[in-house]
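# Survey of secondary and tertiary structure
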Amino acid sequence: MPQHLSATLVTGVLALTLTACGTVGSSSGGGDPAGAEGSSGEYVNVVKLTGIAWFDRMETGVDAFTEQTGLAASQTGPATADTELQVGVIQGLIAQRPEALGVVPLDPGAVENVIQQAKDAGIVVVTHEAPTIQNADADIEAFDNADYGTKIMAGLAECMGGEGEYVQFVGSLTSETHMAWAEAGLAAQQAEHPGMTRVSDPVESDDNADTAYEKTKQLLQANPALRGFFGDSSQDVPGIGRAIAEAGLQDDTCVYGTGVPSETRELVADGSVDGIYLWDPALAGQAVLSAAQIIAEGGELSTGTDLGVEGYGSLVQSPDNPKTFLGDAALALTAETIDDYDF
Amino acid sequence: MKAAGASRWRRVAGDQELLLLVLLGLLLVAVAARAPEVLTVDTLFNVARESMVTLVFAVAVLIVIISGGIDVSFLAVGIFAAYSAVSLVPQEGPAATAWLPFAVAVAIGVALGLVNAAVVLGAGVSTLIATLATSAVFLGVLFAFVGGTVVNSIPEPLRVLGSTSLLELPAAGRGTTRLSVLVLPVLVVCAATAAFLRWTVAGRSIFAMGGDREAARRAGVAIGPTVVLVFALSGALAGLAGMTHVALSGRADPTTFFGGELNVLAAVVLGGALISGGRGSVRGTVLGVLLITCIRSSLIPLGIPPVWQEAVIGSLLILGVVLQALASRVKPVRAILDPADPVLAPAPLRRDVVEAGDAR
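UniProt lists a comment for chain A under the heading Subcellular location (unreviewed entry), and it reads "Cell envelope". Per its UniProt entry, chain A bears the Sequence similarities (unreviewed entry) comment "Belongs to the bacterial solute-binding protein 2 family."

### Observations concerning the overall build of chain B
From N to C terminus, chain B includes 15 helices and two strands. Sorting the 360 residues of chain B into buried and exposed places 51% on the buried side. For chain B, restricting intrachain contacts to residue pairs at least 6 apart in sequence, the fraction spanning at least 24 positions comes to 76%.

### Re the nonpolar core
Of all hydrophobic cores here, the largest spans 87 residues; its most connected members are B:Phe57, B:Leu158, B:Leu197, B:Met243 and B:Val246. Examining the composition of this core, we find that 16 residues originate from one element, helix 3 (residues 41–66) of chain B, more than from any other. Each residue touching B:Val246, except ones within four places of it in the same chain, is listed here: B:Ala82, B:Val86, B:Ile154, B:Leu158, B:Arg251 and B:Ala252. Counting residues in each nonpolar core, the second largest holds 77 residues, with A:Ala73, A:Ala138, A:Phe229 and A:Ala292 among its members.

### Overview of the pattern of salt bridges
All names here are of chain A. Tallying each qualifying case throughout the model produces twelve salt bridges over all chains. Where Lys-119 meets Asp-137, a salt bridge forms, and the shortest distance between an N and an O atom there is 4.0 Å. Taken together, the positions of Lys-119 in helix 5 (residues 108–120) and Asp-137 in the loop between strand 4 (124–128) and strand 5 (138–141) put the pair 18 residues apart, joining distant regions of the chain. Arg-265 is paired through a salt bridge with Asp-339; the nearest N and O atoms lie 3.1 Å apart.

### Let's talk about the state of the cysteines
For the structure on display, the rule yields one disulfide over all chains. Here A:Cys159 engages in a disulfide with A:Cys254; their sulfurs sit 2.0 Å apart. Here A:Cys159 and A:Cys254 share a disulfide; its torsion about the S-S bond, -80°, makes the bridge left-handed. Of this pair, A:Cys159 sits in helix 6 (residues 145–160) while A:Cys254 sits in strand 10 (residues 254–258), and the two are 95 residues apart along the sequence. Sulfur of B:Cys190: no disulfide; nearest cysteine sulfur belongs to B:Cys294 and is 15 Å away. Among the residues examined, B:Cys190 registers a relative accessible area of 7% and is labelled buried.

### Observations regarding the UniProt feature "domain: Periplasmic binding protein" (unreviewed entry) in chain A
The UniProt record marks residues 46–299 of chain A with the feature "domain: Periplasmic binding protein" (unreviewed entry), using the residue numbering of this structure. As annotated, residues 46–299 of chain A has a helix share of 50% and a strand share of 18%, and its two end C-alpha atoms lie 22 Å apart.

### Looking at the pairing of strand 9 (residues 226–231) of chain A
Residues and elements named next belong to chain A. Extensive coverage of strand 9 is indicated by the burial of five of its six residues. Where strand 6 (residues 164–170) and strand 9 come together, five bridges link them in parallel fashion. The residue of strand 9 that forms the bridge with Val-167 is Phe-229. With four bridges connecting them, strand 9 and strand 10 associate as parallel partners. Residue pairing across strands places Gly-231 opposite Gly-257, the latter belonging to strand 10. Handedness of the crossover joining strand 9 and strand 10 through helix 9 (residues 236–247) is recorded here as right-handed.

### Here's the deal with the environment of A:Glu141
Residue and element names in this part refer to chain A. Here Glu-141 is to be found in strand 5. Overall, the relative accessible area of 3% leaves Glu-141 in the buried class. Residues Glu-141 and Thr-76 lie 65 residues apart in sequence; the distance between their C-alpha atoms is 20 Å. Aside from chain neighbours lying at most four places away, what touches Glu-141 is His-128, Glu-129, Ala-130, Pro-131, Thr-177, Tyr-312, Thr-324, Phe-325, Leu-326 and Gly-327.

### Here we look at the pairing of strand 4 of chain A
All names here are of chain A. Burial within strand 4 is extensive, with five of its five residues counted as buried. By the alternation rule, side chains of strand 4 split into Val-124, Val-126 and His-128 and Val-125 and Thr-127, which are all buried. Relative to strand 4, strand 3 (residues 100–103) runs parallel, the two being bridged by four bridges. Bridging from a neighbouring strand, Val-103 pairs with Thr-127 of strand 4. A crossover connection joins strand 3 to the parallel strand 4 through helix 5; in handedness this β-α-β unit is right-handed. In this sheet, strand 5 lies alongside strand 4 in parallel orientation, the contact comprising three bridges. Each residue of the ladder has a partner; that of Val-126, found in strand 5, is Ala-138.

So, how was this worked out
Residues numbered from 1 in each chain as written. Chains lettered and ligands numbered in written order. Predicted model: local features only at pLDDT ≥ 70, side-chain atom pairs only at ≥ 80, totals over all residues. Heavy atoms only, no water. UniProt positions renumbered as here; feature names shortened; annotations may be inferred. Helix = DSSP H or I, 4+ residues; strand = E, 2+ residues; numbered from the N terminus. Buried < 20%, exposed > 50% of the residue type's maximum accessible area, 1.4 Å probe, protein only. Contact = heavy atoms within 4.5 Å. Core = buried A, V, L, I, M, F, W, Y, C linked by side-chain atoms within 4.5 Å. Salt bridge = Lys/Arg side-chain N within 4 Å of Asp/Glu carboxyl O. Disulfide = S-S within 2.5 Å. Pairing = 2+ DSSP bridges. Right-handed = clockwise from strand over helix to strand, strands pointing away.

Written out as structure tokens, the structure is:
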């Protein structure tokens, strides 16, 4: 028994030594004192939920970061879109002392506390899709949210000829980015297309295509004149499009919103969905980790910072929140261009 | 005379199927008053479409509840079976081979049901705890070994089946509305389960076991094999439900059912199944599922914010349980252990029964 114990101790000490070596190696560029002690040196990206195409694509950006920098990086997240589960994942990671965390929060307000805990533990935290975040070191957005919402509305309004009823879907009413796009879209419509009317407050899809599908059918029934759909969650457009396809209303409706090419390709091809908007989650994931690396190595983000990632070559500091930095990485895809993207 | 009147009133209040019909009627009246344009064949088809998968899951749960347990693993079993089957069967093939993924899903469902039965019998824990544990294991295995990403292109035969309509009519507003051909297997399964529970010895054994396990054992019901049968059947139905969902939605998303247990359990309990076992019917379950689906699809036409949905369904669950309490004052469920008959219910036996009840 004592032999066994000493073996365990030796293994433990060895492991600690190795961890320490790893840390020295990874933070050699910056000499950041906070991150050095007991840090595993790893960069971890925490997403809203695992298993959907959007965040699978983001993971390839995390891998690209590793390839580019040689730093260990990985991605994790809750299996369902549940705020409490996501907080639990982050708390679990704090104990492992990574060098930095990228966080794509489900509800930015709900992760402020746990982000503060991570920072207190010497971990750099950079968020994404959380433009009002206060406790993180920085927040990286692919684009200005108002611009993005306006862009979706421009597509929808053109398709509808500036007239008729439309509805907006959001993943949840607490999702800040979804609400920001919806509100910017509404504002643009009211300013430029007075002939259009939004039929209700934004409808929640729970980030679930089946919910979006069912609600689309109900909305079509309750509002016989409904012609436009504005989807914010990447799961909205696949559900809306399926309902449109089943009802044979491809030529009678306009469906625009956030979407992933692999999940919407067939619907875009047959006209059930008319246009999808997105930013490449791979580039966003890579940009978040690059920003985290700059901060971990003692640098600072400012207007004009180049993260070395396409679309994030010249960041702009948000006028609303000094911690938020905007890229210029929005994509708009239609039936002609969707096949250029294989995710 | 007065007492008889009160008892009759209680009997009416205790008849849950009647009450469900009344509630459905009230809902229809409310919708008709508020949004009459919604009362069309479209709504009928939509409600049928949304009820189909829930209904098969509900029947799976019903069997376990009648046997005296509460199963919470059915959604995990369903998506595990369907997702694995989609990955296993060939992508191409004539539409006639669409039975293959269904057969594979049902077989996987049975296998997972047998795991549930093994845990329940082997560990001797309550069904609720056992299935809570196994559902976490099933989902973990699914994500770790089978896959966790959404499958966007399901096998061709399934896709064709899922988009085949039994009826296709012009919608009241614009476009067309359709009733999927998959409604047929769902109806057949409901009828077959009802017949099985009502007219076979094995079916009656499940009721007997749920009503009182010890009494059933003494009456000659083989408890072990009956538990295995219950979970194998329930697993098969869950596999069928999962595959029906995949065929209908045209994609296999491993997270799609997460958090949907409440809807299904609420429907079964509302439908008159006694949560402690021994009572329940497929007919009541069908009504329970229809009521919950109608409520879900009426919220938008009625102008009720969708955020209230969960609260409404939770309230209905409470209503269902209260009604059961009322009904049980009318009909003694465990007549065989009526305390009025001291010979059949000696004190030590009754303590056993109480313990068995706790374990459930």
